[in-house]
Amino acid sequence: MKKRNQLLFLIISFLFWFSHFIYIPMLSPYIEQIGGTYTFIGTVLASYGFMQFLFRLPIGIGSDLWNKRKAFVVAGMVVSLGSCLAFALTESLGWVLLSRSLAGVAAATWVAFTILFSSYAAERDLHRAMGMLSFAVVFAQLLGMALSAWIVEEWGWHAPYWIGAAAGAVGLLLSLFIAEGNKEAKREPVQLRELGAALREPMLLKVSLLSILAHSIMFTTMFGFTTAYALSAGLRAGEITLLVFAFMIPHAISTLLSGSWFVPRFGKWGTLQIAFSAAALFTFLMPFADTKVTLTALQVVNGFALGLLFPLFLGMAVERVPHAKRATAMGAYQALYAIGMFVGPLCAGILNTHFGLEASFYFSGLTAVLGALFSFKWQGKMKTESIF
């Protein structure tokens, strides 16, 4: 029974994230095509992270208090489907903003997905099970983003949204048949006192700030304005798939190498310094790339560099937090890094309006420089009680 639940849940998780990422590479060009300014594009991109920032902790707390996860999974699929349908059925800037905001609300329910899936696995198999879930997510992101530009070129701007809606509808139907999970394994709800204590942990604050910077870079570049810049540089819509593969495949590989190869050789802080420094250098070079070869090469390095960061953040965020408080600390960390998902694109959109698309890459490059500087500053100084 548990094997069946796991397989069904992996399919649902794939469909959930596929419906979110099937249109991402072509979202900025689509908004621009229907008359949106770069500032408005930045606002739309920012709304996704802002909704997660607002709803992630309340959904986690509500799920804990009610001790029911399936309802939140079904609700997440409903909102995800609604987001894609709103994109597909309308063609106005206001609806685009609402549709992307709904996608952010849906993404905030992911905390309930992960808790429910973990309840299907025995304790000894938990890491393996979560690895399978992570693979389903990455595969959905890769496949959705790889197909996006080709679908637009073949069937038009609205086609990815219709396909996303179809995936969401199938996922919603399947979610009605998942089991609630082990009700004996009740988690204590997050207490505000515990949340406050977690937010005073220096390591958590430092890692959260670095993660905010990294998510800002990611959601401003590859998940933001990179494809719009590539199209303005002369690439065809169908060639965007190449950029997606160039970024996502090294990104996936480096997540595996981060802890197994880089950390043993350079240490955690050294790896962060290398990754932020590489991301800064090669993001600064983006405005000078005007051919398919140079754009692709820069995506390879940037994808690899950013992939080194996120696995490290996950471990470092809670390594100094007592085991009993780690769920609370992780919830705080996830809520905090969402700040980067909306502040980065919003600021980049405003800069792009005044200075052109190249401004978003200079902004992201400076953000990466800041991450590198903090990584050098904080190395070996983790016994201080202040984050500065």
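Residues numbered from 1 in each chain as written. Predicted model: local features only at pLDDT ≥ 70, side-chain atom pairs only at ≥ 80, totals over all residues. Heavy atoms only, no water.

Chemist: Account for the overall build of the chain, naming residues and giving values.
Modeler: Counting its secondary structure elements, the chain contains 14 helices and zero strands. Each helix and strand of the chain, placed in order from N terminus to C terminus, yields the pattern α-α-α-α-α-α-α-α-α-α-α-α-α-α. A globule of 388 residues ought to have a C-alpha radius of gyration of about 21 Å, and the chain, at 20 Å, matches this closely. Across its three principal axes, the chain shows a C-alpha extent of roughly 55 × 50 × 35 Å. (Helix = DSSP H or I, 4+ residues; strand = E, 2+ residues; numbered from the N terminus. Rg over C-alpha atoms; globule rule 2.2 N^0.38 Å.)

Chemist: Tell me about the packing of aromatic side chains, and name the residues and values.
Modeler: Counting across every chain of the model gives 32 aromatic pairs. Considering the side-chain rings of Tyr23 and Phe87, the 5.0 Å spacing of their centres and the 50° angle between planes classify their relative orientation as tilted. Pair noted here: Tyr23 is in the loop between α1 (2-21) and α2 (27-33) and Phe87 is in helix α4 (residues 70-89), with a separation of 64 residues, a long-range link. By the burial criterion, Tyr23 is buried, and Phe87 matches it. Linked through ring pairs, Phe9, Phe16, Trp17, Phe21, Tyr48, Trp110, Phe113, Phe117, Tyr120, Phe219 and Phe223 together constitute an aromatic cluster. A cation over a ring is seen here: Arg100 above Tyr48, with NZ or CZ 3.8 Å from the ring centre. (Phe/Tyr/Trp six-rings, centres within 6.5 Å; stacked < 30°, edge-to-face > 60°. Buried < 20%, exposed > 50% of the residue type's maximum accessible area, 1.4 Å probe, protein only. Lys NZ or Arg CZ within 6 Å of the ring centre and 35° of its normal.)

Chemist: How would you sum up the environment of Met203? Please name residues and give values.
Modeler: Here Met203 is to be found in helix α10 (residues 202-232). Using a relative accessible area of 2% as the deciding quantity, one classes Met203 as buried. When the C-alpha atoms of Met203 and Glu319 are compared, they prove to be 8.3 Å apart, with 116 residues separating the residues in sequence.

Chemist: I'd like a description of the side chain of Ser208, backed by residues and values.
Modeler: One can find Ser208 in helix α10. Within the local environment of Ser208, its side chain forms a polar contact with the backbone oxygen of Leu204, the two atoms lying 2.7 Å apart. Those residues in contact with Ser208 that sit more than four places away from it in its chain are Tyr333 and Leu336. (Polar contact = N/O pair within 3.5 Å; in protein donor to acceptor, adjacent residues only side chain to side chain. Contact = heavy atoms within 4.5 Å.)

Chemist: So what's going on with the pattern of salt bridges? Which residues, and what values?
Modeler: Within the structure shown, the criterion is met by three salt bridges. Across the salt bridge formed by Lys292 and Glu239, the nearest N and O atoms sit 3.2 Å from each other. Here the residue Lys292 occupies a position in helix α12 (residues 292-318), and Glu239 occupies one in the loop between α10 and α11 (240-284), the gap between them amounting to 53 residues. On the accessibility criterion, Lys292 (37% relative accessible area) is partly exposed. (Salt bridge = Lys/Arg side-chain N within 4 Å of Asp/Glu carboxyl O.)

Chemist: A description of the side chain of Thr226 should follow, citing residues and the corresponding values.
Modeler: In this fold, Thr226 is placed in helix α10. With a relative accessible area of 1%, Thr226 lands in the buried category.

Chemist: Please provide a residue-by-residue account of a nonpolar patch on the surface, values included.
Modeler: Together, Phe245, Ile249, Ile253, Leu257, Trp261, Phe266 and Ile274 give the surface a local cluster of nonpolar side chains, amounting to about 570 Å² of exposed area. With respect to the helices and strands, Trp261 occurs in helix α11. (Patch = residues over 30% accessible without salt bridge, like charges linked within 9 Å, V, L, I, M, F, W, Y side chains within 5 Å. Areas by Shrake-Rupley, 256 points an atom, 1.4 Å probe, with all protein chains shown as cover.)

Chemist: Give a detailed account of the packing of α4 against helix α5 (residues 93-108), specifying residues and quantitative values.
Modeler: In contact at an axis separation of 8 Å, α4 and α5 are set at 160° when each is read in the N-to-C sense. As far as their axial angle goes, α5 and α4 are roughly antiparallel. At the point where α4 passes α5, the crossing takes the left-handed sense. Between α4 and α5, the residues in contact are Gly76, Val79, Ser80, Gly82, Ser83, Ala86 and Phe87 and Trp95, Val96, Ser99, Arg100, Leu102, Ala103, Val105 and Ala106, respectively. Here the contact of α4 with α5 is composed, by residue class, of nine nonpolar, five polar and one charged. (Axes fitted to C-alpha atoms, helices over the stretch in contact; angles between N-to-C directions. Parallel < 35°, antiparallel > 145°, perpendicular 65-115°, else oblique. Left-handed = near helix turned anticlockwise from the far one by under 90°. Nonpolar A, V, L, I, M, F, W, Y, C, P; charged D, E, K, R; others polar.)

Chemist: Lay out the nonpolar core with the relevant residues and their values.
Modeler: Ranked by internal contacts, the top residues of the largest apolar core, which has 115 residues, are Phe9, Trp17, Tyr23, Leu210, Phe223, Phe276 and Phe313. The biggest single contributor to this core is α10, with 15 residues. Once residues within four sequence positions are removed from consideration, Phe9 is found in contact with Val73, Phe113, Leu116, Phe117, Tyr120, Leu133 and Ile178. Of all hydrophobic cores here, the second largest spans six residues; its members include Ile59, Ala108, Val111 and Ala112. (Core = buried A, V, L, I, M, F, W, Y, C linked by side-chain atoms within 4.5 Å.)

Chemist: Break down α10 for me, with residues and values.
Modeler: Taking 1.5 Å as the rise per residue, α10 with 31 residues should run 45 Å; its terminal C-alpha atoms sit 43 Å apart, in good agreement. A bend of about 60° at Phe225 is the largest found in α10. Where α10 begins, the side chain of Glu201 points an oxygen toward the backbone nitrogen of Met203, at a separation of 3.2 Å. Positive backbone phi, at 110°, marks Gly234, one or two positions downstream of α10. (Expected span 1.5 Å × (residues − 1). Bend = angle between axes of the 7 residues up to and from the residue.)

Chemist: So what about α5? Which residues, and what values?
Modeler: Compared with an ideal rise of 1.5 Å per residue, which puts 16 residues at 22 Å, α5 spans 23 Å between its outermost C-alpha atoms and is within 8% of the ideal. Within the span of α5, buried status applies to Val96, Ser99, Arg100, Ser101, Ala103, Gly104, Val105, Ala106, Ala107 and Ala108.

Chemist: Describe in detail the packing of helix α3 (residues 38-66) against α5, supporting the description with residues and values.
Modeler: It is at 7 Å that the axes of α3 and α5 come closest, and there the two elements cross at 30°. By the angle between their axes, α3 is roughly parallel relative to α5. Crossing handedness for the pair α3 and α5: right-handed. Of the residues in α5, those touching α3 at Phe40, Thr43, Val44, Ser47, Tyr48, Met51, Gln52, Phe55, Arg56 and Ile59 are Leu93, Val96, Leu97, Arg100, Ser101, Ala103, Gly104, Val105, Ala107 and Ala108. Looking at side-chain class alone, the contact of α3 with α5 contains 13 nonpolar, five polar and two charged residues.

Chemist: Summarise the environment of Ala71; cite the residues concerned and give the values.
Modeler: Considering the arrangement of structural elements, one finds Ala71 in helix α4. Its relative accessible area of 35% is what places Ala71 among the partly exposed residues. Along the sequence, Ala71 and Arg200 sit 129 residues apart, while their C-alpha atoms lie 33 Å from each other.

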